[in-house]
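# Structural overview for review
So you can see what is in the structure, the chains are spelled out below.
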Amino acid sequence: MTYFQRPTGRFSDGRLIIDFIAEAFGLPLLPPYLAGPDGHGFRCGVNFAVTGATAVDVYHLQEFGLHNFMVNQTSEVQISWFKQLLPSLAQTLNCSDQNCLSKSLFLVGEFGINDYDIAIQEGKSFNELHSLVRSVIDVIRRAIDALVDLGARMLVVPGIIPLGCTPRYLTMFESTNKVDYESKTGCLRWPNELIEHHDRLLREELDLACIAHPHASISFADYYNILIDVYRSPRKFGFNGDGALVACCGRGGAYNYNSSDMCGRDGVIACDDPSSRLSWDGLHLTEAAHKLVVLALLSEGAFSISPLIENAGHAECSEQLFMNGVSGLQDGLVRGDMVA
């Protein structure tokens, strides 16, 4: 409703983080891989993301006692799709595989949120969730290693948004005990502590990846802390203070979320002004929130990512590709030297 004025397969009212990054580089929005090349041959980028996909494959998740999966298009499956696509990309762009990818940006993730959501919904303990985090981080590291081995030289690896601030979790785990909530945000503590643990281990693993691949630039995108700042002072960032934790599209309850009557179902309506809210449907962010995250990544400050800032506005489809999902901008976004 906010940007496209038609359904596009995005779980938001408009553009996503990857869309705003593409626009910042002067590229068209990334087409989904599963829709096929459709004449463009993925010349300017490609998005491998799949709704509900987990990082860990379903067989290993089953070893954790998990069973409620939407799909089995895991990160490793998405990497395999990219490998299958690579020869045709090289032909389209008239370059070798390695040379094509050395001028590309890869957005690797965000991975793990669906793994944790499934485990939480199936009643796993906090200790069990922590053990799952290690498996998710290992999968992300393997994805990074695989992409660098293929020739990737610039990778951005996002963390995860604050789950404890989402209307979905605030509704499903509503508590009468004030100690369960963060006083400055109103968010639930324990889901956020899980994400903080994930991000801490991910940062440590990325440090090791940088040592193992000194010829590549591997950056962490801190979605969590960018958004926590907003939840602490929503009005400062242009959001409705009273509705920072309330979904725009939904029905019922203090947070406008009902798992049996979710956004997209008959009779469920959206708020008049999605730009005043952080949450679109209870779990996914609004376009306004996505834009804010990208502005933080592309602006000089605590959350900036230098390779993104240095190359914004300098991309050409003849040189590069976006690849998101095992996500990223691929092929030729970058001009000049890569810095680890």
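Nothing here was measured: the structure is a model prediction, and the numbers come from that model.

So, about the nonpolar core. Among the nonpolar cores identified, the biggest contains 96 residues, and Phe-82, Ile-144 and Leu-155 are the most heavily contacted of them. When residues of this core are assigned to their parent elements, the largest contribution, 12 residues, is made by helix H6 (residues 126-150). Listed in part, the five residues of the second largest apolar core include Cys-248, Cys-249, Val-268 and Trp-280.

Successive side chains on a regular strand alternate, one facing one side of the sheet and the next facing the other. Burial within strand S3 (residues 154-158) is extensive, with five of its five residues counted as buried. Bridging between S3 and strand S4 (residues 217-221) involves five bridges; their strand directions are parallel. Looking across to S4, one finds that Met-154 is bridged to Ser-217.

With that settled, the discussion passes to the packing of aromatic side chains. We describe a pair of aromatic rings using the distance from one ring centre to the other and the angle between the two ring planes. For the coordinates displayed, the defined rule picks out eight aromatic pairs. Measuring from ring centre to ring centre gives 5.1 Å for Phe-173 and Trp-190, while their planes differ by 85°; the resulting arrangement is edge-to-face. With Phe-173 in the loop between helix H7 (167-172) and helix H8 (189-212) and Trp-190 in helix H8, this pair connects stretches of sequence that are 17 residues apart.

In this section: the pattern of salt bridges. The tally for this structure, following the rule as stated, stands at 12 salt bridges. For Asp-117, the salt bridge identified is with Arg-168, shortest N-O distance 3.1 Å. Of the two residues, Asp-117 is situated in helix H5 (residues 113-121) and Arg-168 in helix H7; the sequence distance between them amounts to 51 residues. The same class applies to Asp-117 as to Arg-168, namely buried. One salt bridge in this structure joins Arg-141 and Asp-145, with 2.9 Å as the shortest N-O distance. Remark: Asp-145 and Arg-141 occur in helix H6; sequence separation between them is four residues, near one turn of the helix. The network of salt bridges with shared partners includes Arg-134, Asp-138, Arg-141, Asp-145 and Glu-205.

Quick look at the packing of helix H9 (residues 223-232) against helix H10 (residues 287-298) now. Running from N to C, H9 and H10 cross one another at 115°; their axes reach a closest spacing of 10 Å. Note on packing geometry: the crossing formed by H9 with H10 is right-handed. For the pair H9 and H10, the contacting residues are Tyr-223, Ile-226, Leu-227 and Val-230 in the first and Leu-292, Val-293, Ala-296 and Leu-297 in the second. Within the contact of H9 with H10, the residues separate by chemical class into eight nonpolar, no polar and no charged.

Time to look at the environment of Leu-297. Its location among the elements puts Leu-297 in helix H10. On the accessibility criterion, Leu-297 (2% relative accessible area) is buried. For the pair Leu-297 and Leu-308, spaced 11 residues apart in sequence, the C-alpha separation works out to 7.6 Å. Beyond its immediate stretch of four places on either side in the chain, Leu-297 contacts Ala-221, Tyr-223, Ile-226, Phe-303, Ser-304, Ile-305, Leu-308 and Ile-309.

Turning our eyes to something else, we now look at the state of the cysteines. Per the stated rule, a full pass over the model turns up three disulfides. One disulfide bridge connects Cys-165 with Cys-187, the sulfur atoms lying 2.1 Å from each other. Where Cys-165 bonds to Cys-187 through sulfur, the torsion about that S-S bond is close to 105°, and the disulfide is right-handed. Here Cys-187 lies in the loop between H7 and H8 and Cys-165 lies in the loop between S3 and H7, a separation of 22 residues in the sequence. Among the residues examined, Cys-165 registers a relative accessible area of 1% and is labelled buried.

Before going further, it helps to examine the confidence of the model for the chain. Looking at the chain as a whole, its pLDDT mean stands at 88, while 91% of the residues score no less than 70. Mean pLDDT values for the elements of the chain range from 40 in strand S6 (residues 328-330) up to 98 in H8. Within the model, the stretch residues 326-340 combines pLDDT values under 50 with 85 contacts to residues more than four positions away or in other chains.

Turning to the packing of H6 against H8, a few remarks are in order. Where H6 contacts H8, the two axes come as close as 10 Å, and the packing angle between them is 30°. In terms of their interaxial angle, H6 and H8 are classed as roughly parallel. Note that H6 runs across H8; the crossing there is right-handed. Taken together, the residues of H8 that come into contact with H6 (itself represented by Phe-126, Leu-129, His-130, Val-133, Arg-134, Val-136, Ile-137, Ile-140, Arg-141 and Ile-144) are Trp-190, Glu-193, Leu-194, His-197, His-198, Leu-201, Leu-202, Glu-205, Leu-206, Leu-208, Ala-209 and Ala-212. Its residues assigned to classes, the contact of H6 with H8 comprises 15 nonpolar, three polar and four charged.

Here the focus is unusual backbone geometry. Of note, the amide linkage connecting Gly-109 to Glu-110 takes the cis form, showing an omega dihedral of 25°. By secondary structure assignment, the location of Glu-110 is in the loop between strand S2 (105-107) and H5. One non-glycine residue with positive phi stands out, namely Gln-5, at about 65°. Relative to the helices and strands, Gln-5 is located in the segment before helix H1 (17-24). The exposure class assigned to Gln-5 is exposed, which follows from its relative accessible area of 59%. Backbone geometry places Asn-256, a non-glycine residue, at a positive phi of 55°. Structurally, Asn-256 is set in the loop between H9 and H10. With a relative accessible area of 17%, Asn-256 lands in the buried category.

Quick notes on the rules
Residues numbered from 1 in each chain as written. Predicted model: local features only at pLDDT ≥ 70, side-chain atom pairs only at ≥ 80, totals over all residues. Heavy atoms only, no water. Core = buried A, V, L, I, M, F, W, Y, C linked by side-chain atoms within 4.5 Å. Buried < 20%, exposed > 50% of the residue type's maximum accessible area, 1.4 Å probe, protein only. Helix = DSSP H or I, 4+ residues; strand = E, 2+ residues; numbered from the N terminus. Pairing = 2+ DSSP bridges. Phe/Tyr/Trp six-rings, centres within 6.5 Å; stacked < 30°, edge-to-face > 60°. Salt bridge = Lys/Arg side-chain N within 4 Å of Asp/Glu carboxyl O. Axes fitted to C-alpha atoms, helices over the stretch in contact; angles between N-to-C directions. Left-handed = near helix turned anticlockwise from the far one by under 90°. Contact = heavy atoms within 4.5 Å. Nonpolar A, V, L, I, M, F, W, Y, C, P; charged D, E, K, R; others polar. Disulfide = S-S within 2.5 Å. pLDDT = per-residue confidence, 0-100. Parallel < 35°, antiparallel > 145°, perpendicular 65-115°, else oblique.

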